[in-house]
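Each chain, letter by letter, is given below.
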Amino acid sequence: MVFKLLNEKDLDLIGKRMLNLAKELYPYNRSIMGPDIRFSLQKFIDLNSEFKQISFPTGAKVFDWQIPEEWIVKDAYLEHESGRRFAEFNKCNLHLMGYSSAVNKIMPKNELIKKIHSLPGSPKAIPYVTSYYKKDWSFCLNHEEYKSLPDGNYKVFIDSEFKNGELKLIEAVIPGEYKEEIFFSSYLCHPSMANNELSGPVLLNEILNFIKNLKERKFTYRFVILPETIGSIAYLSKRLDLLKNQMICGFNLSCVGDERSFSHVKSRLGNNLADKALHSSLISLENVKEYSFLHRGSDERQYCAPGIDLPLCTFCRSKFGSYPEYHTSEDNFNLVTAKGLKDSFKVMKNIIEAFEIGIYPKINVLGEPQLGKRNLYPNSSKLYDGRHPAKTRMDIITYCDSKNNIFEISKLININLAVVIKEISELKNKKLLITKYFK
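Everything in this summary refers to the structure shown in the same document. (Residues numbered from 1 in each chain as written. Predicted model: local features only at pLDDT ≥ 70, side-chain atom pairs only at ≥ 80, totals over all residues. Heavy atoms only, no water.)

## Observations concerning the overall build of the chain
Next, step 1: A count of helices and strands for the chain gives 12 helices and 18 strands.
Next, step 2: On C-alpha atoms alone, the chain measures out to a radius of gyration of 25 Å, which is about the 22 Å that the 2.2 N^0.38 rule sets for 439 residues.
Next, step 3: Reported as C-alpha extents along the three principal axes, the dimensions of the chain are approximately 90 × 45 × 35 Å.
Next, step 4: A separation threshold of at least 6 residues defines the contact pool for the chain, and within that pool the share at least 24 residues apart is 81%.
Next, step 5: As displayed, the chain has an accessible area near 18600 Å², and 48% of this comes from carbon and sulfur atoms.
Next, step 6: Considering the chain, the positive charge centre built from 62 side chains and the negative charge centre built from 52 side chains are found 5 Å apart. (Helix = DSSP H or I, 4+ residues; strand = E, 2+ residues; numbered from the N terminus. Rg over C-alpha atoms; globule rule 2.2 N^0.38 Å. Contact = heavy atoms within 4.5 Å. Areas by Shrake-Rupley, 256 points an atom, 1.4 Å probe, with all protein chains shown as cover. Lys, Arg positive; Asp, Glu negative; His and termini not counted. Charge placed at Lys NZ, Arg CZ, Asp CG, Glu CD.)

Printed below as a string of structure tokens:
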């Protein structure tokens with residue numbers, strides 16, 4: 001396998017490219033169905049023609065769910081009797097609850113405030129609220145504006161409609177020598193939020209670009225971008241048998257654009273190959289957090305559900321629901337940065353390189369190998385995590401028995417996956433070990 005060598009300058013450009021794409025898509029009023037999610041999905045198709053659309057019509061049954069109607073909104077606002085307007089949808093699409101029904105009536109303030117959401121604990125933030133499966137309407141304001149609403153009557157205006165349509169998602173498959181697949185999924189169904197909505201798809205898109213540039217790929221890679229929950233359920237209703245037969249490892253990407261932490265939301269049982277891979281790629285990074293499946297909240301709920309149990313886990317920076325800007329207007333580009341996205345890309349890149357080099361290494365000699373005669377004994381005085389590089393190399397060799405995979409070796413010796421990959425590559429080049437792709 002020949003990897004595309006990426007230096008820090010290359011990685012910086014990838015981070016900036018992800019950030020620019022997220023900013024381009026940020027203003028659109030995406031939901032689970034409708035014109036703006038179709039536009040956003042088409043943007044990824046335009047960038048990578050490998051993406052193909054899959055559609056599910058309104059009313060289609062997908063497992064225990066049914067595809068809903070499409071929601072289209074043109075305008076919405078609250079207008080005080082003085083003529084002053086509040087919660088203007090065309091100024092911020094978070095002002096309107098997602099899937100709100102059409103309304104055109106006059107209401108007194110004391111009745112209207114029952115239909116307004118705000119966040120007293122984050123008084124400058126506009127909350128994000130939806131009602132996909134129950135017909136209703138409401139508005140969202142930051143708490144400061146909510147408290148300052150003048151007394152009197154208000155015109156409540158929502159120009160929206162529901163109609164039969166199609167739930168759409170996109171899928172790309174990049175073939176390799178083996179049919180066994182590494183799977184990446186992210187969601188695209190929220191309006192203007194940077195981390196919770198856009199960081200995952202732009203990272204997935206760059207992973208796809210990286211895979212396309214690998215020469216002589218060993219594994220097949222599958223990518224999907226879909227509406228969260230209903231989209232993954234619909235996708236599984238179509239692809240479950242294939243995924244069960246071919247998928248060996250997968251990652252759901254969510255909230256991967258900030259710089260605060262690295263998070264691993266484990267699978268239902270917490271010990272599949274994806275769990276091991278992500279754990280190893282996060283070793284020694286700053287502020288790593290691991291969450292059990294009891295703290296699930298994204299599409300790992302579907303991919304790891306009983307009876308499905310695909311070998312997948314979720315990768316985040318700050319986990320959904322754990323950061324104060326989550327599901328508010330403050331989830332913006334003060335939070336999401338090119339560096340945050342770049343560092344997330346590096347985590348996934350390490351895992352891909354591990355698979356492509358061969359995840360089951362086996363030493364070629366009996367007993368401890370003589371490194372000196374192969375010019376493999378490091379004489380450097382530089383320590384890695386407090387240990388001499390010769391000890392790191394020998395510790396890795398100790399577990400290269402073709403039974404421990406590269407991720408398990410990383411965990412056993414508590415060394416980041418990137419270091420283990422580098423060591424195994426050098427040992428492999430010197431013919432001291434071989435690697436296998438399957439146990």
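## A closer look at the packing of aromatic side chains
Next, step 1: This structure, assessed with the given rule, holds 23 aromatic pairs.
Next, step 2: Judged by centre distance (5.4 Å) and plane angle (80 degrees), the rings of Phe183 and Tyr303 are edge-to-face. Here Phe183, found in strand β11 (residues 181-187), pairs with Tyr303, found in helix α8 (residues 300-303); they are 120 residues apart in sequence, far enough to count as distant.
Next, step 3: A residue is classified by how much of its surface remains accessible, and Tyr303, at 0% relative accessible area, is buried.
Next, step 4: Every member of this aromatic cluster is reached through a ring pair, and the members are Trp65, Trp71, Tyr99, Tyr132, Tyr133 and Phe162.
Next, step 5: The aromatic ring of Tyr291 is capped on one face by Lys319, whose charged end is 5.2 Å from the ring centroid. (Phe/Tyr/Trp six-rings, centres within 6.5 Å; stacked < 30°, edge-to-face > 60°. Buried < 20%, exposed > 50% of the residue type's maximum accessible area, 1.4 Å probe, protein only. Lys NZ or Arg CZ within 6 Å of the ring centre and 35° of its normal.)

## Brief notes about the side chain of Asn29
Next, step 1: Here Asn29 lies in the loop between α1 (8-25) and α2 (35-47).
Next, step 2: Judged by its relative accessible area of 13%, Asn29 is buried.
Next, step 3: Contact partners of Asn29, with chain neighbours within four places excluded, come to Asp36, Trp71, Val73, Phe89, Asn93 and Pro191.

## So, the packing of α1 against helix α9 (residues 338-357)
Next, step 1: Taken N-terminus to C-terminus, the directions of α1 and α9 make an angle of 115 degrees; their axes are 8 Å apart at the nearest point. With respect to the hand of their crossing, α1 and α9 are arranged in right-handed fashion. Together, Glu8, Leu11, Asp12, Ile14, Gly15, Lys16, Met18 and Leu19 of α1 and Ala338, Leu341, Lys342, Phe345 and Lys346 of α9 make up the contact between the two elements.
Next, step 2: Along the lines of polarity and charge, the residues of the contact of α1 with α9 split into seven nonpolar, one polar and five charged. (Axes fitted to C-alpha atoms, helices over the stretch in contact; angles between N-to-C directions. Left-handed = near helix turned anticlockwise from the far one by under 90°. Nonpolar A, V, L, I, M, F, W, Y, C, P; charged D, E, K, R; others polar.)

## Brief notes about unusual backbone geometry
Next, step 1: A positive phi angle, close to 55 degrees, is found at Phe63, a residue other than glycine.
Next, step 2: By the element assignment, Phe63 lies in the loop between β2 (61-62) and β3 (65-66).
Next, step 3: In this structure Phe63 comes out as partly exposed when scored by relative accessible area, which is 40%.
Next, step 4: The phi dihedral of Thr229 is positive, around 65 degrees, even though this residue is not glycine.

## A short note on the sheet that holds strand β4 (residues 70-80)
Next, step 1: One open sheet accounts for four strands, arranged β5-β4-β9-β6; its pairing is antiparallel. Only two strands of the sheet have a single partner each, and these edge strands are β5 (85-86) and β6 (103-108).
Next, step 2: Bridge analysis of β6 against strand β9 (residues 153-163) gives six bridges, and the strand direction is antiparallel. For Pro108, the partnering residue across the bridge sits in β9 and is Asn153. (Pairing = 2+ DSSP bridges.)

## What about the pattern of salt bridges?
Pairing is possible between side chains of opposite charge, provided their charged atoms come close.
Next, step 1: Under the defined criterion, the tally for this structure stands at 31 salt bridges.
Next, step 2: Ionic pairing is found between Lys135 and Glu69, a salt bridge with its closest N-O pair at 3.4 Å. Taken as a pair, Lys135 in the loop between β7 (116-117) and β8 (139-140) and Glu69 in the loop between β3 and β4 lie far apart in primary sequence, 66 residues in all.
Next, step 3: Given a relative accessible area of 53%, Lys135 falls into the exposed group.
Next, step 4: The shortest N-O distance in the salt bridge between Lys124 and Glu144 comes to 3.3 Å. Of this pair, Lys124 sits in the loop between β7 and β8 while Glu144 sits in helix α4 (residues 143-147), placing them 20 residues apart in sequence.
Next, step 5: Using a relative accessible area of 41% as the deciding quantity, one classes Glu144 as partly exposed. (Salt bridge = Lys/Arg side-chain N within 4 Å of Asp/Glu carboxyl O.)

## Some thoughts on the environment of Thr314
Next, step 1: Within the secondary structure layout, Thr314 lies in strand β16 (residues 312-316).
Next, step 2: Residues Thr314 and Tyr291, spaced 23 residues apart in sequence, show a C-alpha to C-alpha distance of 9.7 Å.
Next, step 3: Within the local environment of Thr314, its side chain forms a polar contact with the side chain of Glu300, the two groups lying 2.7 Å apart. (Polar contact = N/O pair within 3.5 Å; in protein donor to acceptor, adjacent residues only side chain to side chain.)

## Topic: the environment of Val202
Next, step 1: You can see Val202 is positioned in helix α5 (residues 194-212).
Next, step 2: The exposure class assigned to Val202 is buried, which follows from its relative accessible area of 1%.
Next, step 3: Placed 182 residues apart in sequence, Val202 and Asn20 show a C-alpha to C-alpha distance of 9.4 Å.

## Details of the state of the cysteines
Next, step 1: For the coordinates displayed, the defined rule picks out zero disulfides.
Next, step 2: You can see Cys255 has no disulfide; the closest cysteine sulfur is in Cys316, sitting 5.5 Å from it.
Next, step 3: In this structure Cys255 comes out as buried when scored by relative accessible area, which is 0%.
Next, step 4: In this structure Cys400 is a free cysteine whose sulfur lies 19 Å from that of Cys249, the closest cysteine sulfur available. (Disulfide = S-S within 2.5 Å.)

## Describing the pairing of strand β13 (residues 247-253)
Next, step 1: Judged by how many residues are buried, β13 sits mostly within the fold: six of seven residues are covered.
Next, step 2: As paired elements, β11 and β13 share six bridges and run parallel to each other. Bridge assignment links Phe183 to a residue of β13, and that residue is Gly250.
Next, step 3: One ladder, built from four bridges, connects β13 with β16; its direction is parallel. Within the sheet, the bridge partner assigned to Asn252 lies in β16 and is Thr314.

The quantities given are spatial measurements derived from coordinates; they are silent on function.
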